[in-house]
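Fold and contact review
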Amino acid sequence: AIAGQRPPIKLLLSSFEGYPPVLLFDYHPAVGEKQMDTDRVVCCEGRGRPEIFFSHSGCVHRYNAVLNSFYYGGLEESFDGAVPTLLWGGTPRPEALREFRSFQKTNHFPASWHLGRKDLLWRNIRSMQQRYPDGRFDLMPQTFLIPGHFKFWLAARELEPKAWWIWKPINSSCGRGIKLLPNHLTNKVIARLESKQGIIQRYVERPLLLDGYKFDLRLYVVVTSFDPLKVYLFKEGLVRLATERYSLSPNSLKKRTMHLTNYSVNKRSAKYVQNRDGKAPPVPKVAAPEEDLATMELEEDADDCPTEAGLTDMNESEDEEEGEEASASGTSASDPQGQATSKWTLKDLQEYFEAKGLDYPLVLSKIKELIVKSLIAVETPIVSAWHNGANYARRNGASLVGPNQTCFELYGFDVLVDQKLRPWLLEVNTCPSLSSSSPLDKRLKTQLVADMLTLVGLSPYFEERPSSGRSRADKGARVHVRPTVERLQSENLRLRDLGEAEWSIILDAHDEYLRRGAYERIFPDLNFQEFFRIQRYGNCVLAKWLREGGETCFLPGREDLRPNWLPLQLFTGAC
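A brief structural summary. For clarity, every value in this text was computed on a predicted model and none was experimentally measured.

Considerations on the overall build of the protein
When helices and strands are counted, the protein shows 14 helices and 19 strands. Within the protein, buried positions represent 58% of all 575 residues. Across the protein, contacts joining residues at least 24 apart in sequence account for 74% of those joining residues at least 6 apart. As displayed, the protein has an accessible area near 23600 Å², and 49% of this comes from carbon and sulfur atoms.

Observations concerning the side chain of Ser112
Within the secondary structure, Ser112 sits in the loop between strand S7 (105–106) and helix H3 (113–116). Among the polar contacts listed, one links the side chain of Ser112 to the backbone oxygen of Phe109, at a separation of 3.4 Å.

A look at the pairing of strand S4 (residues 53–56)
Neither face of S4 is left uncovered, since the one carrying Phe53 and Ser55 and the one carrying Phe54 and His56 both have all their residues buried. Looking at chain direction, S4 and strand S5 (residues 76–77) are connected through two bridges and run parallel. Residue Phe53 lies in a different strand from S5, and its bridge partner there is Glu76. A crossover links S4 with its parallel partner S5, the connecting element being helix H1 (residues 64–72), and its sense is right-handed.

Focus: the nonpolar core
The biggest cluster of nonpolar side chains holds 60 residues, and the ones touching the most others in it are Leu217, Leu349, Ile371 and Leu375. Ranked by residue count, the leading element in this core is helix H10 (residues 360–388), at 13 residues. Dropping the residues within four chain positions of it, Leu217 is found in contact with Leu238, Val239, Leu346, Leu349, Ile367, Phe413, Asp414, Val415 and Val417.

Structural notes on the sheet that holds strand S3 (residues 41–44)
With respect to topology, three strands assemble into an open sheet ordered S2-S1-S3, the strand pairing being antiparallel. For this open sheet the edge positions go to strand S2 (22–24) and S3, each flanked by a neighbour on one side alone. Here the strands of the sheet are splayed against their neighbours by 40 degrees on average, with no regard to which way each runs. Bridging between strand S1 (residues 9–12) and S3 involves four bridges; their strand directions are antiparallel.

Things to note about the packing of aromatic side chains
Taken as a whole, this structure holds 21 aromatic pairs when the rule is applied. Ring geometry for Trp153 and Trp165: centres 6.2 Å apart, planes at 90 degrees, overall edge-to-face. With a gap of 12 residues between them, Trp153 in helix H5 (residues 150–159) and Trp165 in strand S9 (residues 165–168) connect regions that are remote in the sequence. When its relative accessible area of 1% is taken as the criterion, Trp165 is described as buried. Of the aromatic side chains, those joined through ring pairs into one cluster are Phe16, Tyr19, Trp503, Trp545 and Phe554. Arg202 extends its terminal NZ or CZ atom over the ring of Trp165, reaching a point 5.9 Å from the ring centre.

Brief notes about the pattern of salt bridges
Within the structure shown, the criterion is met by 27 salt bridges. With its nearest N and O atoms 2.6 Å apart, the salt bridge here joins Glu76 to Arg6. In this pair, Glu76 sits in strand S5 while Arg6 sits in the segment before S1, placing the two residues 70 residues apart along the sequence. Classification of Glu76 as partly exposed rests on a relative accessible area of 22%. Asp414 serves as the salt-bridge partner of Arg240, at 3.3 Å between the closest nitrogen and oxygen. Of the two residues, Arg240 sits in strand S15 (residues 238–241) while Asp414 sits in strand S17 (residues 409–417), which places them 174 residues apart along the sequence. Each member of the pair, Arg240 as well as Asp414, carries the same accessibility label: buried.

Brief notes about the sheet that holds strand S8 (residues 143–146)
Read across the open sheet, the four strands follow the order S8-S11-S9-S10; overall the sheet is antiparallel. Sheet topology places S8 and strand S10 (179–181) at the edges, where each strand pairs with a single neighbour. With strand direction ignored, the average angle separating the axes of adjacent strands in the sheet is 25 degrees. Of the strand pairs in this sheet, S9 and S10 are connected by three bridges, and their pairing is antiparallel.

Description of helix H9 (residues 346–356)
All of the buried residues along H9 are Leu346, Asp348, Leu349, Tyr352 and Phe353. Projected onto a plane normal to the axis of H9, the buried residues spread over an arc of 155 degrees and lie on a single side. Among the exposed residues of H9, those oriented more than 90 degrees off its buried face are Lys347, Glu354 and Ala355. Buried residues belonging to H9 abut strand S12 (209–210), strand S13 (213–226), S15, strand S16 (343–345) and H10. The first or second residue beyond H9 is Gly357, which carries a positive phi of 75 degrees.

Focus: unusual backbone geometry
Look at the link from Asp227 to Pro228: it is a cis peptide, with omega at 0 degrees. By the secondary structure assignment, Pro228 is in the loop between S13 and strand S14 (229–234). With omega at 20 degrees, the peptide bond leading from Phe523 into Pro524 counts as cis. With respect to the helices and strands, the residue Pro524 is situated in the loop between strand S19 (519–523) and helix H14 (537–547). Phi at Ala111 takes a positive value of approximately 70 degrees, unusual for a residue other than glycine. Residue position: Ala111 is located in the loop between S7 and H3. We classify Ala111 as buried; its relative accessible area is 6%. Positive phi, normally seen in glycine, also occurs at Leu421, with a value near 65 degrees. Mapped onto the elements, Leu421 comes out in the loop between S17 and strand S18 (423–429). Judged by relative accessible area, which is 13%, Leu421 ranks as buried.

Definitions and limits used
Residues numbered from 1 in each chain as written. Predicted model: local features only at pLDDT ≥ 70, side-chain atom pairs only at ≥ 80, totals over all residues. Heavy atoms only, no water. Helix = DSSP H or I, 4+ residues; strand = E, 2+ residues; numbered from the N terminus. Buried < 20%, exposed > 50% of the residue type's maximum accessible area, 1.4 Å probe, protein only. Contact = heavy atoms within 4.5 Å. Areas by Shrake-Rupley, 256 points an atom, 1.4 Å probe, with all protein chains shown as cover. Polar contact = N/O pair within 3.5 Å; in protein donor to acceptor, adjacent residues only side chain to side chain. Pairing = 2+ DSSP bridges. Right-handed = clockwise from strand over helix to strand, strands pointing away. Core = buried A, V, L, I, M, F, W, Y, C linked by side-chain atoms within 4.5 Å. Axes fitted to C-alpha atoms, helices over the stretch in contact; angles between N-to-C directions. Phe/Tyr/Trp six-rings, centres within 6.5 Å; stacked < 30°, edge-to-face > 60°. Lys NZ or Arg CZ within 6 Å of the ring centre and 35° of its normal. Salt bridge = Lys/Arg side-chain N within 4 Å of Asp/Glu carboxyl O. Arc of directions from axis to C-beta.

Now the structure itself:
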């Protein structure tokens, strides 16, 4: 756009004839070019440009990667009462969702603290472990809720007296408040532990190391819907390395920059080296002195990450400054090109694995399984809260199953890989940091936000959306079948015999899939259907579709799989 002019609104046409378009969020030129089918893009400028607004709550940080994506996509902030299409803020109350217009969406699900709070996440996963005691839900290290399960932890500690344990607050982040617990604790320390609310986990003593350094993975996951469940993994996550070589010596217990991989901890180390993403380095800053990792004293932390009452007590604020990270000289783990950096991409990690003869595809498949199972573990309470705020403001002529999809959410999954290449879930952040604090972060996070906003399908309309025009035949000619969940699981029911409401779920899922950008859809997936506590109708419809071939039903020559009244598919390529 020319200086002083508003950027154009770009619309991405649906792949199906008669379906409404969605807003397209292109990458800012500074971070790369987005690959897309230009035939599907309509550029709206001048008089034909719609007015699209967003609101940004004051309770969440105003990240450049987010705001720049909004502005470059043509959205304007709503200050004077204009109805926003996108509400960006904290966790919504269910009653607020009931007041949404059909075109409005917000960036959190109600009750997502079931993922973000360490104690509630463990409770949900533990419940699944009790249902499946064969180890299929051993996703997190052995965990005890304190003070309630303190005596059980003491018993576990006596069984393995040489084991290391780690204490964590239930709702803090940035590595703050974490205590490594040695083999021998004084009675005074044990008494303090029992009096503090938190969790104690078995410390993963033998993590996989990158040239001697401990690391964890920050993986970005978008859930576009919990009912039916639809999950996407951003293909380029972050690999965060500690800045001091790993050791199991008892003398290393206080080394925060050895045992913790958080950026907010390691950025203060003189050994932290910024990943410049191929760009020239800045003038180095003076690094702050390294802090010790408290172990014995268990004192109250005076500067825990701030939280917002009732909204963000589970959220993460990585404590990253907008600007440049410390870029001091020193030794850190080497990336595959030999450049010393403290933060890698997944592509860098894959190249490292291949150079070392490690099975990267196997580890990634295990991580995807861990992510999906974690979301299934919390699906029941989140869907229950979302249904309490059910919104049925309908598009004209639409025939849908369930309430409007008013929410989506970006999660930051923190995963540790051990020496046996087994991934362990450490925590889930419901507000992962989107700070553009380095060239790598700026590129990665701007791209993931822009692709997420295109993926979730924001409407360019203010009023009720126009009729979807799903049918090429008279309504009376359509087959209206509303099978039961049991019949959906039967091989006797043909996919083409499903009714309009069921096919609307399938078409929406396929249309969404074709605008996934740099995301990979990891659910729906037939391998996990059995784990749902409740077999919800939408999940069963999509499972039926996958059993019958999924996306292949839209290919030429597979007309036998779909009814003849479906709309024509105009585009087949992904954007």
